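If you want the building blocks of each chain, they are given just below.
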Amino acid sequence: MREILLTSSVLILALLILRRAFREKISRRVQYALWALVLVRLLTPVSLPPLDISVLTMAEPARETIAARLEAPEVPAAGLTSSASGGEEPAVSGAKPVESQAGLPAKGTGAASAKEWTLTEILGAVWLAGAAGMALWLVWSNLAFAARLRRYRMGMEVPGCKYPVYMMESRLDSPCLFGILRPAVYLTPAAIRSEESLRHVLAHEETHARHLDPLWSLLRSVCLVVYWFDPLVWIAVSASRTDCELACDEGVVRTLGEEERLAYGRTLLSLIPAAGESSAVRYPPVLGQKAAPGADRPYRGEPEDQEAGPVRYVPADGGGLRVHLRRVRGAGRESRSGSSECPE
């Protein structure tokens, strides 16, 4: 565990520095892929092959000095007395090993090892309690979010989309992709106000699915369960989620074409909840990927003036969006045209 913590910390710090230094020189997809190195290091409980010069070898002298001081026996204060002839002999013939006044073994015999074992047990219990609490919170939040989606969703038939699509009139701030085995797309009323915005949102969520982002999100959650006490792991998870969204945006622009970059950015900005707007769910749990950017996730290329406001859609010739809504009867039941499953 000590080796994993040390090497992963150095790797996280190195990636954070490289991420900031080469932000404009490396593609977002590559920046996101680099976090897989940290993921493998954290979730692979194996020792690295020894090297002549490494972080562990540089820290070895300090470790040996600390271990030597902890293991050095203490000299008894009055173990021997001098005789009149100048020789040394025990102060009391046939005496038992030196004991304290309370009848306990003296320091250096067995108390140190017993105290160290007790400390190890306490730290292990604290880690186990924290890991169990983190795991229960993540499982509960995802199950509660999945139940809320199943209860309030309405099925949609969207031609050309290979994933089940549902409409959430409330209880969801921004569109998201939720599920691992059979992911489904959940939309908000703002996402279907125009055919263009619907096409952009579906392209965004399909890119998340193509990148296997729900699976990577699950693995990041496993890292938080195991290393809940490490602040660097929390920083790495936050940075990797930001890179996940930026890599998705880059993939969407590559798919739609450079000429739609500005329109796609306006769509994302239009999906940001208004200031002061409240909802029962402010963001999807770890197994979901949302489409709207947050304040820490700006999209490059959009103007910062009022032209990037919400897209208004006025149907022409009495037409409308070519999507058909149908309410899913009963919480947790699947629609007839497709199947989706939220992770249990």
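In this text the structure is predicted, and so the values were computed from the model without any measurement.

## Some points on the overall build of the chain
Argument step 1. When helices and strands are tallied, the chain shows eight helices and eight strands.
Argument step 2. With 344 residues in all, the chain has 36% of them scored as buried.
Argument step 3. Across the chain, the fraction of contacts at a sequence separation of at least 24, relative to all contacts at a separation of at least 6, is 72%.
Argument step 4. Surface exposure of the chain reaches about 21100 Å², of which carbon and sulfur atoms provide 61%.

## Considering the packing of aromatic side chains
Argument step 1. If you walk through the whole model with that rule in mind, you get four aromatic pairs.
Argument step 2. Look at W228 and F229: their rings are 5.8 Å apart centre to centre, the planes differ by 90°, and that puts the pair in the edge-to-face class.
Argument step 3. Overall, F229 belongs to the partly exposed group, its relative accessible area being 38%.
Argument step 4. Directly above the aromatic system of Y166 lies the positively charged group of R153, at a separation of 4.2 Å from the ring centroid.

## Notes on the side chain of S9
Argument step 1. Structurally, S9 can be placed in helix α1 (residues 2–21).
Argument step 2. Classification of S9 by relative accessible area gives buried; the value is 19%.
Argument step 3. Reaching out from S9, the side chain makes a polar contact with the backbone oxygen of L5 at a distance of 2.6 Å.
Argument step 4. Each residue touching S9, except ones within four places of it in the same chain, is listed here: D230 and L232.

## Description of the pattern of salt bridges
Argument step 1. Scanning the entire structure with this criterion turns up four salt bridges.
Argument step 2. Its salt-bridge partner being E260, residue R199 comes within 3.1 Å of it at the nearest N-O pair. Of the two residues, R199 sits in helix α5 (residues 195–210) while E260 sits in the loop between α7 (231–256) and α8 (261–270), which places them 61 residues apart along the sequence.
Argument step 3. Exposure remark for R199: the relative accessible area of 37% places this residue in the partly exposed category.
Argument step 4. With a relative accessible area of 17%, E260 lands in the buried category.
Argument step 5. Here E250 ties to R254 by a salt bridge, and the two come within 3.6 Å at their closest N and O atoms. Note that E250 and R254 are positioned in helix α7 at a spacing of four residues, about one turn of the helix.

## Examining the environment of S197
Argument step 1. Structurally, S197 can be placed in helix α5.
Argument step 2. Given the relative accessible area of 2%, S197 is considered buried.
Argument step 3. Each C-alpha atom, one on S197 and one on S270, is 9.0 Å from the other, the two residues being 73 residues apart in sequence.
Argument step 4. Looking at S197, its side chain comes within polar contact range of the main-chain oxygen of S194, at 2.9 Å.

## Digging into the state of the cysteines
Argument step 1. Here the structure, examined in full by the defined rule, presents zero disulfides.
Argument step 2. With no disulfide of its own, C248 has C244 as its nearest cysteine by sulfur position, at a separation of 6.8 Å.
Argument step 3. Owing to a relative accessible area of 0%, C248 belongs among the buried residues under this scheme.

## Quick look at the environment of R266
Argument step 1. Checked against the element boundaries, R266 lands in helix α8.
Argument step 2. Separated by 69 residues in sequence, R266 and S197 have C-alpha atoms that sit 8.9 Å apart.

## Considering empty space enclosed by the protein
Argument step 1. Tallied over the full model, the rule gives one cavity of 30 Å³ or more.
Argument step 2. By volume, the largest cavity amounts to about 70 Å³.
Argument step 3. The wall of the largest cavity is formed by L15, L18, R19, I26, Q31, L34, W35 and D243.
Argument step 4. Contributing elements (two or more residues each) for the lining of the largest cavity: α1 and α2 (28–43).

## Description of α2
Argument step 1. Taking 1.5 Å of rise per residue, the 16 residues of α2 would be expected to cover 22 Å, and the 24 Å separating its terminal C-alpha atoms lies within 8% of that figure.
Argument step 2. R28, Q31, Y32, W35, V38, L39, R41 and L42 are the residues of α2 that are buried. An end-on view of α2 places all buried positions within 165° of arc, on one side of the element.
Argument step 3. Tucked into the core, α2 has its buried residues touching α1, α6 (213–226) and α7.

## Quick look at unusual backbone geometry
Argument step 1. For R171, which is not glycine, the phi torsion reads 70° and is therefore positive.
Argument step 2. Residue classification places R171 among the partly exposed positions, given a relative accessible area of 34%.
Argument step 3. In this structure, L212 is a non-glycine residue whose phi angle is positive, near 60°.
Argument step 4. In this fold, L212 is placed in the loop between α5 and α6.
Argument step 5. On the basis of relative accessible area, L212 is assigned to the partly exposed category, the value being 48%.

## Regarding the packing of α1 against α2
Argument step 1. Between α1 and α2, the least distance of the axes is 9 Å, while the angle of their chain directions is 170°. Overall, the two elements α1 and α2 adopt an arrangement that is roughly antiparallel. Taking contact as the criterion, the partners of E3, I4, T7, S8, L11, I12, L15, L16 and R19 in α1 are, on α2, Q31, L34, W35, L37, V38, R41 and L42.
Argument step 2. Residue classes in the contact of α1 with α2 are distributed as 10 nonpolar, three polar and three charged.

The rules we used
- Residues numbered from 1 in each chain as written.
- Predicted model: local features only at pLDDT ≥ 70, side-chain atom pairs only at ≥ 80, totals over all residues.
- Heavy atoms only, no water.
- Helix = DSSP H or I, 4+ residues; strand = E, 2+ residues; numbered from the N terminus.
- Buried < 20%, exposed > 50% of the residue type's maximum accessible area, 1.4 Å probe, protein only.
- Contact = heavy atoms within 4.5 Å.
- Areas by Shrake-Rupley, 256 points an atom, 1.4 Å probe, with all protein chains shown as cover.
- Phe/Tyr/Trp six-rings, centres within 6.5 Å; stacked < 30°, edge-to-face > 60°.
- Lys NZ or Arg CZ within 6 Å of the ring centre and 35° of its normal.
- Polar contact = N/O pair within 3.5 Å; in protein donor to acceptor, adjacent residues only side chain to side chain.
- Salt bridge = Lys/Arg side-chain N within 4 Å of Asp/Glu carboxyl O.
- Disulfide = S-S within 2.5 Å.
- 1 Å grid on protein atoms, 1.4 Å probe; cavity = no way out; pocket = protein on both sides within 12 Å on 5 of 7 lines; lining within 4 Å.
- Points joined across faces, edges and corners; volume = space filled by probe spheres on them.
- Expected span 1.5 Å × (residues − 1).
- Arc of directions from axis to C-beta.
- Axes fitted to C-alpha atoms, helices over the stretch in contact; angles between N-to-C directions.
- Parallel < 35°, antiparallel > 145°, perpendicular 65-115°, else oblique.
- Nonpolar A, V, L, I, M, F, W, Y, C, P; charged D, E, K, R; others polar.

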